[in-house]
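Architecture at a glance
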Amino acid sequence: MGKKRRPQSIPVVVVAGFLGAGKTTLLNHLLRNNGGTRVGVIVNDFGSVNIDSMMVAGQVDSVMALSNGCMCCAVDVSDMDEMLNRLAHRTAGIDVIVVEASGLAEPRNMVRLVLGSENPYIAYGGLVMMVDGAEFQSCRERHPELDQHIAIADLVVVNKTDRIGEDEHNSLLSDVRRINPRAAVTSTVRGRVDPGLLFDRAPRREPQPGDQLTFEELLADADDACAEGGSHVHEMYQSVTFTSKSPMHPRRLISLLEKQPAGIYRIKGYVYFGVEGRRQKYLLQVVGDHIAFHPQRLPAGEVPRTELVAIGTDLDPESIVELLDACAESEGEAVGANEMMGVHRYTLAETAPVHP
Ligand SMILES: Nc1nc2c(ncn2[C@@H]2O[C@H](COP(=O)(O)OP(=O)(O)OP(=O)(O)O)[C@@H](O)[C@H]2O)c(=O)[nH]1
């Protein structure tokens, strides 16, 4: 018997945005507030350890990780295709698929990967660009390409508006609208957007005469950029992975984070402090000079360890690993609860992405 065709194809929404803009936070919000819509997730992280998939795991049945670095320049679309095929299979019972691009991805290429899929059960569902309200203007100065990313979005989410004043917010909104007059634009805190903006969206409209570039032209541009070794933001960036089974010394780690080695823009991952009596690990999030710890219960049976990815430009991986190594507790070193003061200063009351 032939496979029964679904009455409707499954939309695949791509969520992109620069490092730390709040993509995973948005994803977690969508997963918690899905209103019964079954969401399949594909995450693509820049570092060799996929922290993002750990941050959404447990929230959803179907999360798949495209690791080994940023996927956007992959010549071979088969990895993405295979995941789309698995999520779109009727036994998975998925209604919508969200692809979280790496923070350094070229969004056009991520879209191209979705459009390149030959799966008849999926349909491209649009591009959502997350903008870090607090960091975007300075990021644009360093990476003018970010404007082109905004220019092709269907929905722009201006996030972290709690970190900017009204004037800055208004000027950011007018810049976004000038760069992309046709996109829907919404502002939020902690990615709290109405899931209906992403899921039940009207079918993508055909490009109109007068649009700056047609969608096909944008995709063709993406091909050219790759072929010429083009100007992708991620080419300037490297990632360094650090893991340690020894607990980290809170005070030493905080001093390192407060005087970050040159070039680092983003650090994320899990930190274990071996303070007696605490079965806790901390999700560490650093974006620019903004540091945040989110305490989480250490699940029974989980071997405590620290696993961090640092992302930035002109990094010296060896010296970064050495500096982090020096933050680990040495044998016999007694670390009291008072050493955690610095960590508490950066600990958010609201525990964001948590394994239930
Ligand atoms: N103040 C504030 N912080 C936020 C907001 N949204 C997200 N964050 C924090 O910003 C940090 C980065 O958020 P993520 O969701 O991991 O960002 P991301 O875009 O997935 O990061 P990458 O995958 O590394 O590019 C985390 O510490 C979040 O808790 C917000 O609206 N306001």
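Being a predicted model, the structure only gives us computed values, none of them experimental.

Moving on: the pairing of strand S10 (residues 280-287). Within S10, seven of the eight residues are buried, which leaves it mostly tucked inside the rest of the structure. Of the strand pairs in this sheet, S10 and strand S11 (residues 290-297) are connected by eight bridges, and their pairing is antiparallel. When the bridges of S11 are listed, leucine 283 appears paired with histidine 294.

Time to look at helix H9 (residues 250-258). Of the residues making up H9, those classed as buried are Pro250, Leu253, Ile254, Leu256 and Leu257. When H9 is viewed along its axis, its buried side chains cluster within an angular range of 160° and face the same direction. Looking at the packing, one finds that the buried side of H9 touches strand S9 (264-271), S10, S11, helix H10 (317-325) and helix H11 (341-345).

On to the pairing of strand S1 (residues 10-17), then. Summarising burial for S1: seven of the eight residues are buried, a large majority. Here S1 runs beside strand S5 (residues 122-132); their pairing, made up of seven bridges, is parallel. Bridge assignment links alanine 16 to a residue of S5, and that residue is methionine 129. Pairing geometry for S1 and strand S4 (residues 96-100), over four bridges, is parallel. Looking across to S4, one finds that valine 14 is bridged to valine 99.

Once that is clear, we can look at the site of the ligand. Taken together, 23 residues sit near the ligand, with Lys23, Thr25, Arg190, Arg266 and Lys268 positioned nearest. At a separation of 2.7 Å, an oxygen atom of the ligand approaches a polar side-chain atom of threonine 24. A distance of 2.5 Å separates an oxygen atom of the ligand from a polar side-chain atom of threonine 25. Of all the secondary-structure elements, those providing two or more residues to the shell around the ligand are helix H1 (23-32), helix H2 (51-56), S9 and S10.

This paragraph deals with the pattern of salt bridges. Pairing of side chains with opposite charge becomes possible as their charged atoms draw close. Per the counting criterion, the structure on display carries 12 salt bridges. Here aspartate 95 ties to arginine 38 by a salt bridge, and the two come within 2.9 Å at their closest N and O atoms. Here the residue aspartate 95 occupies a position in the loop between helix H3 (78-88) and S4, and arginine 38 occupies one in the loop between H1 and strand S2 (39-44), the gap between them amounting to 57 residues. Between lysine 160 and aspartate 132 there is a salt bridge, with its nearest N and O atoms 3.0 Å apart. Of this pair, lysine 160 sits in the loop between strand S6 (155-159) and helix H7 (166-179) while aspartate 132 sits in strand S5; the two residues are 28 residues apart in sequence, bridging distant segments of the chain. In this structure, a network of salt bridges that share partners links the residues Arg140, Asp147, Asp175 and Arg178.

Each assigned domain of the chain is listed here: domain 1 (10-227) and domain 2 (237-345). Listed as interface residues are 20 residues of domain 1 and, on the opposing side, 16 residues of domain 2. In total, domain 1 and domain 2 occlude about 1,600 Å² of area from one another, counting both sides; carbon and sulfur atoms represent 65% of this. Linking domain 1 with domain 2 are two residue pairs in polar contact (both at pLDDT 80 or more), by the criterion used here. Of all the elements in the fold, those that place two or more residues in the side of domain 1 that touches domain 2 are H2 and helix H5 (136-142). Counting residues per element, the side of domain 1 that touches domain 2 draws most heavily on H2, at four residues. The residue inventory of the side of domain 1 that touches domain 2, partitioned by class, reads nine nonpolar, four polar and seven charged.

On to the sheet that holds S9, then. Each strand in a sheet pairs with its neighbour through backbone hydrogen bonds, running either in the same direction (parallel) or in the opposite one (antiparallel). Pairing in this open sheet of five strands is antiparallel, and the strands run S8-S12-S9-S10-S11 from one edge to the other. Two strands close off the open sheet at either side, each with one partner strand: strand S8 (237-244) and S11. If you compare each strand with its neighbour and ignore which way they point, the axes differ by 15° on average. Pairing between S9 and S10: six bridges, direction antiparallel. Within the sheet, the bridge partner assigned to tyrosine 270 lies in S10 and is leucine 283. Along the sheet, H9 contacts S9, S10 and S11; its crossing angle with S11, the most-contacted strand, is approximately 145°.

Note on aspartate 132: relative accessible area 5%, which makes it buried. For the pair formed by aspartate 132 and alanine 21, sequence separation is 111 residues and the distance between their alpha carbons is 4.3 Å. Once residues within four sequence positions are removed from consideration, aspartate 132 is found in contact with Gly20, Ala21, Asn159, Lys160 and Val287.

What follows deals with helix H4 (residues 107-115). H4 sits mainly inside the fold: seven of its nine residues count as buried. Taken residue by residue, H4 has Pro107, Arg108, Asn109, Met110, Val111, Leu113 and Val114 as its buried positions.

Under the criterion given, the structure shown has five aromatic pairs. Plain terms: the ring middles of phenylalanine 273 and tyrosine 282 are 5.5 Å apart, the flat faces sit at 65° to each other, and that makes the pair edge-to-face. A single burial state applies to phenylalanine 273 and to tyrosine 282, both of which are buried. Measuring from centroid to centroid gives 6.0 Å for phenylalanine 273 and phenylalanine 293, while their planes differ by 55°, and the two rings are tilted.

Conventions used here
Position numbers for residues start from 1 in each chain and track the written sequence from start to end. The predicted nature of this model means local features are confined to residues of pLDDT at least 70 and side-chain atom pairs, given and counted, to a pLDDT of 80 or more, with totals for whole chains, interfaces and linings taken over all residues. Remark: hydrogens and water are excluded; side-chain values derive from all non-hydrogen atoms of the structure. Each residue is placed in one exposure class: buried if its accessible area under a 1.4 Å probe, protein chains only, is under 20% of its type's maximum, exposed if it is over 50%, and partly exposed if it falls in between. Under the DSSP-based scheme used, a helix requires at least four consecutive residues in state H or I and a strand at least two consecutive residues in state E, with every element numbered from the N terminus. For two strands to be treated as a pair, DSSP must find at least two bridges joining them. It is the directions from the helix axis to the C-beta atoms whose arc is reported. The contact rule is simple, with two residues in contact once any of their heavy atoms fall within 4.5 Å. Note on terminology: near, applied to a residue and a molecule or strand, indicates that one of the residue's heavy atoms is within 4 Å of it. Pairs of N or O atoms are called polar contacts if they sit within 3.5 Å, as long as, within protein, a hydrogen donor faces a hydrogen acceptor (for residues adjacent in sequence, only side-chain-to-side-chain pairs). For this document, the term salt bridge refers to a Lys or Arg side-chain nitrogen within 4 Å of an Asp or Glu carboxyl oxygen. Domain start and stop points were drawn from an automatic or database domain assignment. Two parts placed together each lose some accessible area under a 1.4 Å probe, and the buried area is that loss summed for both. Ten residues, namely Ala, Val, Leu, Ile, Met, Phe, Trp, Tyr, Cys and Pro, are considered nonpolar, four, namely Asp, Glu, Lys and Arg, are considered charged, and the remaining ones, Gly among them, are considered polar. With axes taken as lines fitted to C-alpha atoms, and helix axes fitted only over the stretch in contact, angles between N-to-C directions fall between 0 and 180 degrees. Aromatic rings from Phe, Tyr and Trp, with only the six-membered ring used for Trp, were paired whenever their centres fell within 6.5 Å, and each pair was classed as stacked if the ring planes differed by under 30 degrees, edge-to-face if by over 60, and tilted otherwise.

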